[in-house]
Each structure stands twice: as C-alpha cells, then as structure tokens.
Amino acid sequence: MHIPKPSKIQTKFISGLLLASIFLGIAFSTGFYLHMKNVLEEEVRDKAMLIFAHVDSIQHYVRDVLRPTMYERLPSSFVIEAMSSSFISRTIMAPVNNHHDGTIYRRVAIDARNPAYEANEHERELIRYFRANSEQEMWQGYKNIDDERYYVKARAVKFDEGCMYCHGKPENAPPELITLYGERGFGKQLGAIAGVDFVGISVQSSVGRVQQTILTYFAFFAFGALLFFSATNVLFRVLVVNNLKRLSSVFRLNMAEGEGTALLHKLEQGDEIEELVDGMEQMGEHLFEARRQLQDYAENLRRMVDERTDALSREVEARQADVHLFVRLLEDMRQSSSRAELWRYALPQICTRFGARGIAYVCTMASQNYYVWPESMGAPELPVDFVGVLTGSACIQTGSRIFVPVESSSGNAEGILCLTWDSEEEAASHDRGVLLALGRQLGTAAENLTAIDSLLRQMRVLETIVEGITDPLALMDSSCAVLTVNQAARQLTSELTDGVRTDGNMLAIFFDPEAGNCPMLDAIRSGAPDQREVELPGGRSFSLSMYPVRSEEAQTDRVVVYVRETTMEKRMRAQVWHSEKMATVGKLTAGLAHEINNPLGVILCYAGLLRQTITNPQQSADLDIIERHTRQAQRVLQELLNFARPKTAGSGTSDACAVAASVRDVFSVQAAKKHVRLGLESPTGPLYVRLGIGELEQVVSNLVINALDAVSEEEGEIVVRVAPYDGNVKIVVEDNGPGVSAEDAPHIFDPFYSTKAFGSGTGLGLAVVYGMVRDIGGEVGVERSLLGGARFVVSLPGAAPNPLPESET
C-alpha cells in the first residue's frame, strides 16, 4: 500500500526550493547561451574578415606588382595564371574549400567567364541585393546551405578600369582569353556589380558545442540542486518525522481497510504535525483487522500453491515422457535405413505417448506416400488448407484431429502428421509446442536419411568411376597403406607377384618402404606431383605418377598413385630409333658406294685396256689379281647396299586412323613430360592406305618427333589430323613451334640436312618419310600452320581393306 507524504509542510517547502532552482537554472543557461553565441559570432566574423583581407592582399599584389611586371617582361602576351587577379585569388583560395572544416570561399558572378564560377541561387540572391542597394558594400547573416547552418559574409565586386581590359569589348581583350573561354564574360559596364566575394563558415558544429556546453553546465547545476534538495529533505525528516516512528508499529498492526482509507484521507488534508501524529495513532488502531484478513489470504494462497504444485508435477511427468519419446526416436533414426522404416518405427511410439486412437503421416513431396498406424486405418484425409499447415509452421486442430507440419532443419516441408483422438476435448488437451517440436525432429531425421542415401549413391558412383579406369589407380596414406584401389591395380600387383599379394599396393613392389626411398613421402613433403619411370628386373617399365591430396585441415597426408605400363611404348621408340639409324647407314652406304664404285669402275676399265696391249704372262696374271680384287670390292659394296636398303614400300595396307592413334598413345607420355598438348582428330571408322603398318608408323612417328623437338615446354601444342581427300588419305601433323623458314624449306627433305642443334638429329628422318611416301606415289610437303608453326601434309593413295594380316599377303 502506498502511504502519502506525512505532511504538506515538507511538500510546500521542497516545491518552493524546486521552483526557485529551476528559475535560476533557466536564467543562468539563457544568459550563458547568449554570451557564447556572441562570442561565436565574433569569432566567425573575424575569420571571414581575415579571409577577405587575404584575398585583397592577393589581388593588390597581382594588380600593383605582378601584372605590371608581366606586361614589362611580356608586353605582347597575356598569361592568365600570372595576370588575372580573379584567377590567381581563386586558385590560391581553393584549398580553403578542400580542408572540409566547414569554410567556403567563392568569387562568383552571373554570366561568369568560367562556368565553374557561375553563381548559384544563394549567390544570385546576394548579387541582386547589392544591385538593389548599391550603397551597401557588405552583407552578413546566416543561411542554410546543403542542410547546414552557415554564417555568411559577402561583399560586392564591381568592375573598375583595370577590369575593363579583360571584361569590356572582345576586340580590346587579350586574344589568349578568347582562345581559352570564347566570347563569354565580355560586354561588362564600368562600375557595374558583376558578382560577389562569398565567405561561408559553418556554425552548426560550433552551435552544437555551445549547446552541449550549456547542457553540461545545466546538468552540473541540476546535480548540485539535487544534492541540496537531498540534504534539505534529510534535515527536514530528522527534525519532523522522528515523532512518527513510534506510531509505525501500531499502524502496521491495527489498520483496517475501510476505516484506514478514511484516516489516510484525513492525513492528506492535514497541515500540522500534531494533527498528523493524532491521525497516525487513530490509524494504527484499525490495522488489527487488516492483519486478520492477511492471515485469511495467506491460508488461501497456501491452498492455491498446493494445487499448482500438483499441476506442475503432472506437467513434469508429461515432459519426461516427451524426452523419452525423443530419445527413442533418435535411436529409431539410427537403426533406420530408409524413410519407410523410420515411419514404421516412430508412428506406434508417438501414438502410444499421446494416447491417440490412430496416427498417419502423409508425404507432401512428389511421391505422395502415406503411412498409418494401426495398419487397419485407411488413407488419411488432409485438411482443405493443408498448404497453410505446411507454410504456417503451426499445428491445426480440426475436430478430434490435430495436423502437425513435418519440417526439416532448413525449414523445408516434408509432410503432415495427423493424430486422431476419441474426442475433441482430449485432442485440445495436448501441448501444441511439443507436437510442433516433434514434427521438426521427425523432419530433421527424414532429411538426414535422405542425405545419407545421397552420400551412399555418390560413393557408389565414385567407386564405379574408379573401377572404370583401366589403368591401375590407388589412394594411399602417408604410411604407404592402401585406402582405395581399383581392380586394375589389384590385377597388376597379383600379376607382378605371381598372386602373392592382391591388395593393389604398387609402391611396395616398385620400392622398399623400409629402406626409406619411397618417392611418395617426397611428394607429401613437397606438396607437388611427382612423375617418374620405373623399370623392373624382368624388363617391364611403368610410368608412375603421384598426386598429393590435401585434407580438410589443409594438410597433405594422402596421395593418388597412377601407374601406366610403358613397355610397348619403349619398344616402339627403340624400333623407331633403329629404323632411323638404319636409314642413316643406308644413306651413308649409298654415298660411299657412289664414291668408291666410280674408282673401282675406272680400275676395271683400265685393266681391260692393259690386257689388250700386254703379252707377258706375268703381267697378265697381275691384271687378273687386280680385276679379281676389284670385283670383290664391288660385291662387298653391293651386299652392304642390299643390307642397308629399306624394304620396298607399298608392300601392304594399314588403317591410317588406327596407326595415328597408336603413335599418339606412344608419344603422349613424352608430351606429358614436356607439358605439351598432343591431340588427334580422325574419323571413327577406318581409312586404309597402300602402305604397311610399320612403314606408316615410321612416317607418322618421324613427323611427331620433329614436332616435339620444335615446340616449347609448357606452351607447346601438336595436332595430328587424318581425313579422306579425293580418293586419297591425308595425314596432317602441325604444331605451334617456330616453323620452317623460307631458306630451309627447299632442303628440308634432303638427307643429312637438319635444322636442329648439333648432335640433336641426323637429318635423315624427313628424308626417310619422303622416300617412303614417294615410292608409293604419294606426296609430302610443308607449309605454315594456323597454330603458328610448321604444317606437314602427307597424301597417301587409298586402298581397300585387307582381309588378311600383313604377314600373309
């Protein structure tokens, strides 16, 4: 109960002090505000006059010193940067506007020569003021500019005799001004008011500081007044209220409600302390009845607390049952492998927990499946506004049924849960918040099952991709243990170990992990891919590539190991090298035979001539020896030629597309090492040519080898194209290397002619290509490629498919 103040004497005393203090505070604040405003105006006025004085000093210096000096030095020129007082004053004062301290200086005019200094609306108003009041030279006051309060000081700018030279007639003005500004700014009259010097100083922040200062002083004043009132109040209470303390116990014990109200009203009307004491004594007599009533209230409150305690106990039991239900649902979700299993496990438990007659779940997604319990129930009927149930995130009761939205953790609708009771009252007695939380829990569980199912499908797709790779592939950790491996890797390890191990750990076969020379550890430490060639004792060779993989913690702790067998590729490269060497021997032998056969023929010729002129048997026998050894030398040369001469071209047929693909596969490893792109463009079907497989492989291989030697690493590109052309088959090999120069083109197919560095080639590769192609009636040439390098075009006669292998034809 609120007890009013014990007497009006204290209220009147404190109220009078409060009014006096408020009056003094307002008077003091008003006077201080006016004083600070005057100080601020004097400060901004002095600052504006200082700017005008600065501008005047600049203009006087230009007119009295700088301009005459410039006319003396340059009598026939007008330098605006040194002779125009307006230009110089504006340029010097420009930084004032850029300091962002609330100061504005502008020298503007109407129809200004420079459009940047055309007067705005505020400045035009000032110019009109000076023209209407020509006797006024200065205007000062406050203006709002761009929503900010400014103190403005402006003065009129009049045209004097010195200004007419540049602002009078155009024919009398300096030509430099006309060139710079055109006809703008001329035709002014002497003594006319052209514009204003405008100085604006922002006072908004200063006024704010003044107001803040006044508020601070007023706050200190209020704080002091509060302390004064508090001390006065304490002193008054010490002197007056002590007599009331003896009455407080009686007041609390004996005041009755009705009579106490009357006594309180009497106390509020009293004005003397003695009357207040008497009233308090009478009021205390009536408090006994209030005490009795309070005891009755306490008894009723105790009874209400007991009833509420029983209700809370029942609610706690219900919440415990809800917790047990959620725990069981989590266990069901862990055991479920599909949504159907989840609903079969969850629906009976939910129905039993809430004492429902039946329960059903309807999936509102594309499947439109539904699940019920007991199973004898039919398909549930959804409410008309079931979309509102899903989007409203709230339970809806329709008769004895409650529809609960089932939502995922992201808020996506999964379906509707429908619980049915025997009566509408029983349905309304259940907590909607618990049912809504149950729907969200079930939606999250269904969403998790969907995510797990999607993850399993992705894992199966990944396993299919890995197993579909025909080359051995394995994922290994830093301890050289196999994490994932495909069937090709398992077959390779089984093949290399005679079935001893089939785990796919290829590094354990190529290297000894215990010896510490496993390159996978180097790849993990460096974080960069590692590629190398590995050759086994049995002669088989492999290309080993290791690619480090970073984990989610950005640590390199796993490596993808890719292995490709290169045994056949090395053998083919060896055959190519051997063929090139044999071609070199053939050319060299042909040259030697030419050089030696001629002298041997001369020897035989002259030996025959000598035989016709001699009769001496000894000399005839000597000639026989000479002729026999000469013919023996010729036979040796012929046998050497027969050994080194290549097989006759055109002895078989081959599929140009298959041969080009085979050559591409052979040299793809060498191209990958140089980081060169080696591409093939050919039809899907075969294109047969009148050239054996071995000869065609030698032709294409020589061209690809030359291209690989010509292109640069990292940026090289080689393209092999096979296409039919007018009954023939055209094979094109082009690159983006330096190409073939005009000087080298006529000799590029000559034997022993090479554009490579010394020791890098024999000069016989293209000669062999030329010879084989020409022998079967084909053509070969070189031209500039669109890629920027060389483009070798080989045209071979087409042939019908050969049903028998080449060795049987």
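In this text the structure is predicted, and so the values were computed from the model without any measurement.

S.K.: Explain the sheet that holds strand 3 (residues 148–158) here, please?
M.R.: Within a sheet, each strand pairs with its neighbour through backbone hydrogen bonds, oriented either parallel or antiparallel. What the four strands build is an open sheet, ordered 1-4-3-2; its pairing is antiparallel. This sheet does not close on itself; its edge strands, each paired only once, are strand 1 (103–109) and strand 2 (138–145). Averaged over all adjacent pairs, the angle separating strand axes in this sheet is 25 degrees, with direction ignored. Its contacts with the sheet place helix 4 (residues 121–132) against strand 1, strand 2, strand 3 and strand 4 (193–202), and it is angled at close to 125 degrees to strand 4.

S.K.: When you look at the nonpolar core in this model, what are you seeing that I'm missing?
M.R.: In summary, soluble globular proteins display a tendency toward joint burial of nonpolar side chains. Core analysis: the biggest nonpolar cluster contains 41 residues, and Leu 696, Ile 718, Val 722, Ile 731 and Leu 796 have the highest contact counts within it. Within the residue set of this core, elements represented by two or more residues are helix 22 (656–673), helix 23 (693–710), strand 18 (717–725), strand 19 (728–735), helix 24 (765–775) and strand 21 (790–797). For this core, the element with the highest residue contribution is helix 22, accounting for eight residues. Not counting residues up to four positions away in its chain, the partners in contact with Leu 696 are Ser 654, Asp 655, Ala 656, Val 659, Val 689, Leu 691, Ile 731 and Leu 796. Core analysis: the second largest hydrophobic core is formed by 25 residues, Leu 329, Ile 359, Val 404 and Val 406 among them.

S.K.: Would you mind going over the pattern of salt bridges with me for this structure?
M.R.: Any two side chains of opposite charge can pair, so long as their charged atoms come close to each other. As enumerated under the stated definition, the model contains 22 salt bridges in all. In this structure, the salt-bridge partner of Arg 128 is Glu 121, at a minimum N-O distance of 3.5 Å. The class of Arg 128 is partly exposed, set by a relative accessible area of 44%. Among the ionic pairs, Arg 540 bridges to Glu 565, the shortest N-O distance being 2.8 Å. Taken as a pair, Arg 540 in the loop between strand 12 (530–535) and strand 13 (541–550) and Glu 565 in strand 14 (residues 556–565) lie far apart in primary sequence, 25 residues in all. Accessibility expressed as a relative area gives 23% for Arg 540, which makes it partly exposed. You can call Glu 565 partly exposed: its relative accessible area is 36%. Salt bridges sharing common partners tie together Glu 681, Arg 721, Glu 734, Glu 783 and Arg 791.

S.K.: What is the right way to look at the confidence of the model for the protein chain in this model?
M.R.: Detailed reading of predicted coordinates is not advised where the pLDDT is low. Overall, the predicted model of the protein chain reaches an average pLDDT of 77, with 80% of residues at or above 70. Low pLDDT, under 50, characterises residues 1–7; the predicted model gives this stretch 10 contacts beyond four residues in sequence or across chains. Ignoring residues within four places in sequence, the model shows residues 804–809, a span with pLDDT below 50, making seven contacts including any to other chains.

S.K.: Honestly, the packing of helix 22 against helix 23 in this entry has me stumped. Any pointers?
M.R.: Any two packed helices are characterised by the angle at which their axes cross and by the distance between the axes. Running from amino to carboxyl end, helix 22 crosses helix 23 at an angle of 40 degrees, the nearest separation of the two axes being 10 Å. Between helix 22 and helix 23, the crossing angle belongs to the class labelled oblique. The crossing of helix 22 and helix 23 is right-handed. Contacts between helix 22 and helix 23 involve Ala 656, Val 659, Ser 662, Val 663, Phe 667, Gln 670 and Ala 671 from the former and Ile 693, Leu 696, Glu 697, Val 700, Ser 701, Val 704, Ile 705 and Leu 708 from the latter. Of the residues in the contact of helix 22 with helix 23, the class split is 11 nonpolar, three polar and one charged.

S.K.: Help me understand helix 22, please; the structure alone is not making it clear to me.
M.R.: For the α-helix, the turn length of 3.6 residues means that residues three or four positions removed from each other point alike. In a regular helix each residue adds 1.5 Å, so 18 residues correspond to 26 Å; helix 22 covers 26 Å between its end C-alpha atoms and thus fits that length. Its axis deflected by about 40 degrees at Phe 667, helix 22 carries its strongest bend there. The set of residues buried in helix 22 consists of Ala 656, Cys 657, Val 659, Ala 660, Val 663, Val 666, Phe 667, Val 669 and Ala 671. Downstream of helix 22 by one or two residues, His 675 has phi in the positive range, about 60 degrees.

S.K.: Is there a simple way to explain the pairing of strand 11 (residues 482–485) in this structure?
M.R.: Look at any regular strand and the pattern is simple: side chains alternate between the two faces of the sheet. Pairing of strand 10 (residues 473–477) with strand 11, which is carried by three bridges, proceeds in the antiparallel orientation. Within the sheet, the bridge partner assigned to Ala 474 lies in strand 11 and is Val 485. What sits between the antiparallel neighbours strand 10 and strand 11 is a turn of four residues, in which Cys 480 has the positive phi angle 65 degrees.

Reading the values: rules and limits
- Residues numbered from 1 in each chain as written.
- Predicted model: local features only at pLDDT ≥ 70, side-chain atom pairs only at ≥ 80, totals over all residues.
- Heavy atoms only, no water.
- Pairing = 2+ DSSP bridges.
- Helix = DSSP H or I, 4+ residues; strand = E, 2+ residues; numbered from the N terminus.
- Axes fitted to C-alpha atoms, helices over the stretch in contact; angles between N-to-C directions.
- Contact = heavy atoms within 4.5 Å.
- Core = buried A, V, L, I, M, F, W, Y, C linked by side-chain atoms within 4.5 Å.
- Buried < 20%, exposed > 50% of the residue type's maximum accessible area, 1.4 Å probe, protein only.
- Salt bridge = Lys/Arg side-chain N within 4 Å of Asp/Glu carboxyl O.
- pLDDT = per-residue confidence, 0-100.
- Parallel < 35°, antiparallel > 145°, perpendicular 65-115°, else oblique.
- Left-handed = near helix turned anticlockwise from the far one by under 90°.
- Nonpolar A, V, L, I, M, F, W, Y, C, P; charged D, E, K, R; others polar.
- Expected span 1.5 Å × (residues − 1).
- Bend = angle between axes of the 7 residues up to and from the residue.

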